[in-house]
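Structural overview for review
What follows is the residue order along each chain.
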Amino acid sequence: TQFAREIIGAIDNLERALESAPEEKTELDESVQSLLTGIELSWREIQTAIEKHGVRRIHPLGEKFDYNFHQAMFEVPTNEHQPGMVLEVVQHGYVLHERLLRPAMVGVSKIVDTAGAASNDQSKADE
C-alpha cells in the first residue's frame, strides 16, 4: 500500500509533463519530440504495471459524487447537470483492490441559486 501511494505521485508528475506539452508536436525539435514520446511510453508502462498488481485509477468525470472515492474541492453552479455530478477532475484518485489509496479531487455540480440571484437583481433594481 505504501509503495503504491508513493508511485502514484510519480505517475502524476509524468502526466503533468505530458499535459504541459503542446498539442501539435510536429513543430517541436526532434529531440523534444523523442523526449515526450519517452515520457508517454514510461507513463503507459507504469500504469500497466500497477494495474497488474491491483492499483486502479479512478475516472470520476460524469459520475455521481461518491464521498467514498471523491473529495469535493469546489462546486460548479449549473442548471445543465443534476446536482452532485462530477464535472471536473483536479487530481485522479487511485484504489488498491477496491481499497482507497487516494481520493479523486473533483469539482461537483450544484444548482444555480435562481431565487437568490432574482432577489439580488430586484434589490439592485430598487436602488
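This structure is a prediction, so every number in the text was calculated from the model and none was measured.

**A few points about the overall build of the protein**
The helix and strand inventory of the protein stands at three helices and six strands. For the protein, buried positions account for 28% of its 127 residues. Put simply, of all contacts in the protein between residues at least 6 apart along the chain, 64% involve residues at least 24 apart. When the accessible surface of the protein is split by element, carbon and sulfur atoms take 52% of a total near 8,700 Å².

**So, the layout of surface pockets**
Considered as a void within the structure, the largest pocket measures approximately 160 Å³ in volume. Lining the largest pocket, in full, are Asp12, Glu15, Arg16, Glu19, Arg57, Val89, Val90, Gln91 and His92. Of all elements in the fold, only helix 1 (2-20) and strand 3 (86-91) reach the threshold of two or more residues within the lining of the largest pocket. Broken down by element, the lining of the largest pocket gets its largest block of residues, four residues, from helix 1. Residue composition of the lining of the largest pocket, grouped by class: two nonpolar, two polar and five charged.

**Topic: the sheet that holds strand 6 (residues 104-110)**
Read across the open sheet, the three strands follow the order 2-6-3; overall the sheet is mixed. Each edge of the sheet is formed by a strand with only one pairing partner; in this case those strands are strand 2 (70-77) and strand 3. Between one strand axis and the next, the sheet turns by 30° as a mean value, whatever way the strands run. Pairing analysis gives four bridges linking strand 3 to strand 6, with the strands arranged antiparallel. Residue Gln91 lies in a different strand from strand 6, and its bridge partner there is Met105.

**Remarks on the side chain of Ser109**
Inspection of the secondary structure puts Ser109 in strand 6. Take Ser109: its relative accessible area is 3%, and that puts it in the buried class. Among the polar contacts made by the side chain of Ser109, one reaches the main-chain carbonyl oxygen of Gln82 at a distance of 2.5 Å. With residues up to four places along the chain from it excluded, the contact list for Ser109 reads Val76, Thr78, His81, Gln82, Pro83, Gly84, Met85 and Leu87.

**A short note on unusual backbone geometry**
Not every positive phi belongs to a glycine, and His97 is a case in point at roughly 50°. Structurally, His97 is set in the loop between strand 4 (93-96) and strand 5 (99-102). A positive phi angle, near 70°, is found at Glu98, a position not held by glycine. Secondary-structure assignment places Glu98 in the loop between strand 4 and strand 5. Glu98 gets classed as exposed once you look at its relative accessible area, which sits at 52%.

Rules of the game
Each chain carries its own residue numbering, running from 1 in the direction its sequence is written. Confidence filtering applies because this is a predicted model: local features only for residues at pLDDT of at least 70, side-chain atom pairs given and counted only at 80 or more, and all residues used for totals across whole chains, interfaces and linings. Excluding hydrogens and water, the side-chain values take into account all heavy atoms of the structure. Numbering of helices and strands starts at the N terminus; helices are DSSP runs of H or I of at least 4 residues and strands are runs of E of at least 2. A simple rule labels every residue: compare its accessible area, found with a 1.4 Å probe on the protein chains alone, to the largest value its type can have, and call it buried under 20%, exposed over 50%, or partly exposed in between. Residues are treated as being in contact if the distance between any of their heavy atoms lies within 4.5 Å. Using a 1.4 Å probe, the Shrake-Rupley method yields the accessible areas, and only the shown protein chains count as cover for residues. A pocket, in this scheme, is an open set of points on a 1 Å grid over the protein atoms alone with protein on both sides within 12 Å along at least 5 of 7 lines, while a cavity is a set where a 1.4 Å probe fits but cannot get out; residues line either one if an atom lies within 4 Å of a point. Grid points are joined across faces, edges and corners, and a volume is the space filled by probe spheres set on the points. Residues are sorted three ways: Asp, Glu, Lys and Arg are charged, Ala, Val, Leu, Ile, Met, Phe, Trp, Tyr, Cys and Pro are nonpolar, and all the rest, Gly among them, are polar. In short, DSSP must find at least two bridges between two strands for them to pair. Angular values range over 0 to 180 degrees, each being the angle between N-to-C directions of two axes fitted as lines to C-alpha atoms, with helices fitted over their stretch in contact. Polar contacts here mean pairs of N or O atoms no more than 3.5 Å apart (in protein, one a potential hydrogen donor and the other a potential acceptor; neighbouring residues in sequence count only if both atoms are side-chain atoms).

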